[in-house]
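Below, each chain spelled out in residue letters.
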Amino acid sequence: MNETIDLTHHSAGTHHLPQQRGWWPYVRRWVFTTNHKDIGTLYLWLSCIMFFVAGGMAMLIRAELFQPGHRLLEPDFFNQMTTLHGLIMVFGVVMPAFVGLANWQIPMMIGAPDMALPRLNNWSFWILPFAFLLLTSTLFLPGPAPNFGWTFYVPLSTLYGPPSTDFMIFSIHMMGISSILGAINIIATIINMRAPGMNYMKMPVFVWGWFITAFLLLGIMPVLAGAVTMMLTDRHFGTSFFNAAGGGDPLLFQHVFWFFGHPEVYVLILPAFGVMSEVIPTFSRKPLFGYSFMVYAIIIIAFLSYIVWVHHMFTTGVPLAAQLVFMYTTMLIAVPTGIKIFNWVATIYKGALTFETPMLFAIAFLFLFTLGGFSGLMLAIVPADYQYQDTYFVVAHFHYVLVPGSIFAIMTGVYYWLPKWTGRMYSEALGKWHFWLSVIFLNVTFFPMHFLGLAGMPRRVPDYALQFADFNRISSIGAFVFGAAQLLFLINIIWTIKKGKPATSQVWEGAHGLEWRLPSPAPYHSWGEPPSVEIVEEEKNIKNPELEH
Amino acid sequence: MRYLRIFLNFFLMIVLPVLIFSNAYAEYKYNMPVGVTPISQDIYHLHMTIFWICVVIGVAVFSVMFYSLIMHRKSRGVKPATFHGNIRIEILWAVIPFLILVVMAIPATLVLMRMEDTSKADLNIKVTGYQWKWQYEYLDEGIRFFSTISTPTDQLKNKAPKQQFYLMEVDKPLVLPIHKKIRFLVTSNDVIHSWWVPDLGIKRDAIPGFIHEAWARIEMPGIYRGVCAELCGINHAFMPIVVDARTEQDYEKWLQDQKAGLQQQQIALKPAINLEKHWTSQELFKHGQEVYDNNCAMCHKPDGTGMPPAFPAIKGSRIATGPIKAQIDIVLNGKNAMPAWGAQLNDDDIAAAITYERNSWGNNDKEKYGAGAGGTVTPADVAAMRK
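Residues numbered from 1 in each chain as written. Chains lettered and ligands numbered in written order. Predicted model: local features only at pLDDT ≥ 70, side-chain atom pairs only at ≥ 80, totals over all residues.

### Remarks on the overall build of chain A
1) Next: A tally of regular secondary structure across chain A gives 17 helices and four strands.
2) Next: Against the globule reference of 24 Å for 549 residues, chain A gives a C-alpha radius of gyration of 23 Å, in line with a compact fold.
3) Next: Taking the principal axes of its C-alpha atoms as reference, chain A extends roughly 75 × 55 × 45 Å.
4) Next: Here the contacts in chain A between residues at least 6 apart in sequence split such that 83% fall between residues at least 24 apart. (Helix = DSSP H or I, 4+ residues; strand = E, 2+ residues; numbered from the N terminus. Rg over C-alpha atoms; globule rule 2.2 N^0.38 Å. Contact = placed C-beta atoms within 7 Å.)

### Let's talk about the overall build of chain B
1) Next: Of regular secondary structure, chain B possesses 10 helices and 10 strands.
2) Next: Across the 387 residues that make up chain B, the buried fraction comes to 36%.
3) Next: The long-range fraction of contacts in chain B, counting pairs at least 24 apart against all pairs at least 6 apart in sequence, stands at 65%. (Buried ≥ 20, exposed ≤ 12 C-beta atoms within 10 Å, placed from the backbone.)

### Describing the pairing of strand β3 (residues 143-147) of chain B
Residues and elements named next belong to chain B.
1) Next: Taken together, the five bridges between strand β2 (residues 133-138) and β3 define a ladder with antiparallel strand orientation. Looking at the pairing, W134 lines up with S147 of β3.
2) Next: From the end of β2 to the start of β3, which pair antiparallel, there are four residues, and G142 there has a positive phi angle of about 75 degrees. (Pairing = 2+ DSSP bridges.)

### What to know about the sheet that holds β3(B)
Residue and element names in this part refer to chain B.
1) Next: Taking strand neighbours across the sheet as the criterion, the five strands line up as β3-β2-β1-β5-β8 in an open arrangement whose pairing is mixed. Where the open sheet ends on each side, the last strands, each with one partner, are β3 and β8 (212-217). When strand polarity is set aside, the average angle formed by the axes of neighbouring strands in this sheet is 25 degrees. (Axes fitted to C-alpha atoms, helices over the stretch in contact; angles between N-to-C directions.)

### Things to note about helix α9 (residues 291-305) of chain A
1) Next: For α9(A), which comprises 15 residues, the first-to-last C-alpha distance of 21 Å matches the rise-based estimate of 21 Å (1.5 Å per residue) to within 8%.
2) Next: Restricting attention to buried positions, one finds in α9(A) the residues Y291(A), F293(A), M294(A), V295(A), A297(A), I298(A), I301(A), A302(A), L304(A) and S305(A).
3) Next: The elements touched by buried residues of α9(A) are α6 (205-236), α7 (250-267), α8 (270-284), α10 (320-332) and α11 (334-348) of chain A together with α3 (87-116) of chain B. (Expected span 1.5 Å × (residues − 1).)

### Points about the confidence of the model for chain A
1) Next: Overall, the predicted model of chain A reaches an average pLDDT of 94, with 96% of residues at or above 70.
2) Next: For residues 1-15 of chain A, every residue scores under 50 in pLDDT, and the model assigns this stretch 24 contacts once sequence neighbours within four places are set aside. (pLDDT = per-residue confidence, 0-100.)

### Overview of the environment of L73(A)
All names here are of chain A.
1) Next: Here L73 lies in the loop between α2 (36-64) and α3 (75-110).
2) Next: Separated by 389 residues in sequence, L73 and P462 have C-alpha atoms that sit 8.2 Å apart.
3) Next: Among residues more than four places away in sequence, those in contact with L73 are L60, E64, F78, M81 and P462.

### Some words on the nonpolar core
1) Next: Grouped together as the largest cluster of nonpolar side chains are 248 residues, with contacts concentrated most on V207(A), M276(A), I298(A) and F365(A).
2) Next: With 21 residues, α3(A) is the single largest residue contributor to this core.
3) Next: Not counting chain neighbours up to four residues away, the residues in contact with V207(A) comprise I106(A), M109(A), I110(A) and I190(A).
4) Next: Ranked by size, the runner-up nonpolar core spans 19 residues in total, among them C299(B), V331(B), A351(B) and V377(B). (Core = buried A, V, L, I, M, F, W, Y, C linked by C-beta atoms within 7 Å.)

### Describing the interface of chain B and chain A
By a widely used convention, the size of an interface equals the accessible area lost when the partners come together.
1) Next: In this assembly, 82 residues from chain B lie in contact with 85 residues from chain A.
2) Next: No other element matches α3(B), which puts 15 residues into the side of chain B that touches chain A.
3) Next: Tallied by class, the residues present in the side of chain B that touches chain A amount to 51 nonpolar, 18 polar and 13 charged. (Nonpolar A, V, L, I, M, F, W, Y, C, P; charged D, E, K, R; others polar.)

### Side note on the sheet that holds strand β10 (residues 241-246) of chain B
Residue and element names in this part refer to chain B.
1) Next: Spatially, β4-β10-β9-β6-β7 is the arrangement adopted by the five strands of the open sheet, whose pairing is mixed. Because the sheet does not close on itself, it has two edges, and the strands there are β4 (174-177) and β7 (202-206). Within the sheet, the average angular offset between the axes of one strand and its neighbour, ignoring direction, is 25 degrees.
2) Next: Where β4 lies against β10, four bridges are found, and the strand directions are parallel. From the neighbouring strand, L174 faces β10, where its bridge partner is V243.
3) Next: With respect to the sheet, helix α5 (residues 248-259) is in contact with β4 and β10, its orientation differing from that of β4 by roughly 135 degrees.

### Some words on the packing of α3(A) against α6(A)
All names here are of chain A.
1) Next: Here α3 crosses α6 at 125 degrees, and the two axes come no closer than 10 Å. Relative to α6, the element α3 lies oblique. Remark: the crossing between α3 and α6 carries left-handed chirality. Along its contact with α3, which presents A102, Q105, I106, M109 and I110, the element α6 presents F206, V207 and W210. (Parallel < 35°, antiparallel > 145°, perpendicular 65-115°, else oblique. Left-handed = near helix turned anticlockwise from the far one by under 90°.)

### Observations concerning the environment of P33(B)
Residues and elements named next belong to chain B.
1) Next: Mapped onto the secondary structure, P33 falls in the loop between α1 (2-21) and α2 (38-71).
2) Next: Residue class for P33 comes out buried when judged on the 21 C-beta atoms lying within 10 Å of it.
3) Next: When the C-alpha positions of P33 and A353 are compared, they lie 42 Å apart, and in sequence the two are 320 residues distant.

### Notes on the environment of I177(A)
Residues and elements named next belong to chain A.
1) Next: With respect to the secondary-structure elements, I177 resides in helix α5 (residues 164-192).
2) Next: Among the residues examined, I177 registers 17 C-beta atoms within 10 Å and is labelled partly exposed.
3) Next: Put simply, I177 and M221 are 44 residues apart on the chain and 7.9 Å apart in space, counted from C-alpha to C-alpha.

### Here's the deal with the packing of helix α6 (residues 281-300) of chain B against helix α8 (residues 347-358) of chain B
Residue and element names in this part refer to chain B.
1) Next: At a closest axis distance of 6 Å, the pairing of α6 and α8 adopts a crossing angle of 95 degrees. By the criterion of interaxial angle, the relationship of α6 to α8 is roughly perpendicular. Residues S281, L284, F285, H287, G288, Q289, V291, Y292 and C296 of α6 lie in contact with α8, whose contacting residues are D349, A351, A352, A353, T355, Y356 and E357.
2) Next: Looking at the contact of α6 with α8, its residues break down into nine nonpolar, five polar and two charged.

### A word on the confidence of the model for chain B
All names here are of chain B.
1) Next: For chain B, per-residue confidence averages 89 on the pLDDT scale, and residues scoring 70 or more make up 89% of the total.
2) Next: Below a pLDDT of 50 lies the segment residues 22-28, which in the model reaches seven contacts outside its immediate sequence neighbourhood of four places, other chains included.
3) Next: Across residues 264-271, where pLDDT falls below 50, the model places 11 contacts with residues more than four positions away in sequence or in other chains.
4) Next: In the model output, the complex is listed with pTM 0.90 alongside ipTM 0.92.

This is the structure in structure tokens:
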């Protein structure tokens, strides 16, 4: 059997890109596309734009916090910035970016020609630009934009919330619908459209990561919809879900919100774990250590994520028994996460490492996400949490798991797969500059926040006491350089598309998986005929050698 | 060069925090305070314990990682190994962390149970969060007062140099005795706030409609400062907490002074007319500007334009140019997000503020708004409308 695939004859690759000229066919292509690669591209570009919008807000926040005293922003506008920065980063950057990676990669990795429900896929994406238009429009309408934090606790957001809160509620409904439909699509695709021979325990871990994430999304997005709908009726239709005077309870909101919110943060990180499990073996030239345990760990983490939500509420007066139970479950979730970290380190160990840009980001993830995990473990200790909660210690924790965690994983994935998508190599020099500036200055930005929180600085404040001034100044400087460095990423992507060196099909010496069997750029329609069972077996044996025994 | 970078990373991330967190550096700037109550000290020890556990695990994992990054590079000519799993080691590094966690959970459980035991308290203090100040009530003594930030506006606006306790000073601190078990009952008048004093080891969310308990036994006299720890609106950063812990004798003396009703120390439970002072219109206007700037301006803006529609403009508003009774009513009793100022300000202050509003920003223009515009409101007018 010939090792390489003859791509000119098999419809493993056909170019059917519309070639008509003019702006209208161009617009029509992107508006009506049902192609998973186009839709993946759309998600990624939306995420990129939102990254710079929310990043700009972060720059404003850090500019105000550069020195004590009222400097640039009114306190109310500052609160709007912190709120929108959080909402947009979570819902508009990390989630769409991972969905973009999922759209591009899942069909190619499982040997499927496209997603199971291509038209639904299109609609899932196109809801989002309108959702974000609705949300950001609140900055330009009379009255404040949402100004109560991305967690929009009641009654600050109900009785005391500005009219723009209703815009936010509808925006969240739209994003939720998009996520639910996308999750259905991913589950249907993975269950039904794997190539013959691609059993579940042969799937790439990236596919497993998204498979589990999709179930998490199905479970939590309706809950969020419930929470915001109850807010809406409390605000306008005379209900008292969250109003003690009417027999309700503000804490009910927190329970419902965090029942969504905690699994949500695992939605933000499980796909990242998937990316790491693809990239680290490639650049170690060694199979992933402990494939089965990696898969089981993802499943256990997802299950546990549903039973830890009260750890966001330890200081709210929930009963002692609740605090104890949730302390134990929260500490427990460190175990499967630790297993994953150990397994990645074991993958590197005794490999033959090279440090191209994706690997640099992956190593930084391994190191710095783990630091975020440690501060998370500290936060789990309830009595200590009474001192950490709502301080900059928490801000440090979640920025460590989100920035060198989720964001770096997204960048890892983009650098790793961009040559496959575009057929061109990115600039390694620009990539390395982007990496080193990012990793150094994100630490300058966020590491001092641990100290600020421990020393007593609360969250969501535009001004602070004098003992917090030094670290705030350091943090702001770090933020400005980090923010500027992200432009290098954008420049690199554009440069790659226009001027990058042509890439091979294999791209990376140590890469294994069905997507690397396709040419670069991957054809508009790939795997029209599924890969042969022999090829699937071969890839399987390399990715999950345990099955050989 | 690469080794230098790796070493630097290692140093910055591991060694430096270790140095910093060691007791020699247990300064306010870097680490949690040990505090002055049994609970705050327990918390500190739990915090340091979990911190060191994390350091040890981190050093173990990262040294293997860094070793690999240096020694297992392709450029060194190594051939990659092929091992890809080991059930025994997987189980080992699941069970060992699990056991470490159990070891951590036990002292944490004990401290938490101690924190929740508010029984047999010597005194009871009710703490109520308002937008944007705290109210303290000594439930057994009948004393109640508001505690508002006292940092001058000039310092906030960078027009005067910031003093040492910038943003951490109040007009009336919470005075407490040492060596007594104090039970705190925390609630809110409007949105969720959170009462946090790190040195006491107490943080409790202040939730409207509910009361939560905390307790402390302060071991050392001193001034302990805290902040509001839950976003509560515009001035969340500007409602600090100051606890003045005194010896039992000093506390008793302070209590006697309070009860003797020294005017400048408290607002009594039912605000009364200050019958002695006869205010002129100019005096009311001038005092009113001060009251307005300190209380109303944060929502309605110093120029009266507000932030509509959430915070209506007072300049040219129907209420501020119309019947006086309606204006007194809304200020006394509040409406939706607007607090009921009758509970927070006395008649002099309210009368002054309303007089100021009715005669500022063109509100007293009788040609534009009719004969009812402008006018002077006296403290007696306000008192008459209190139910």
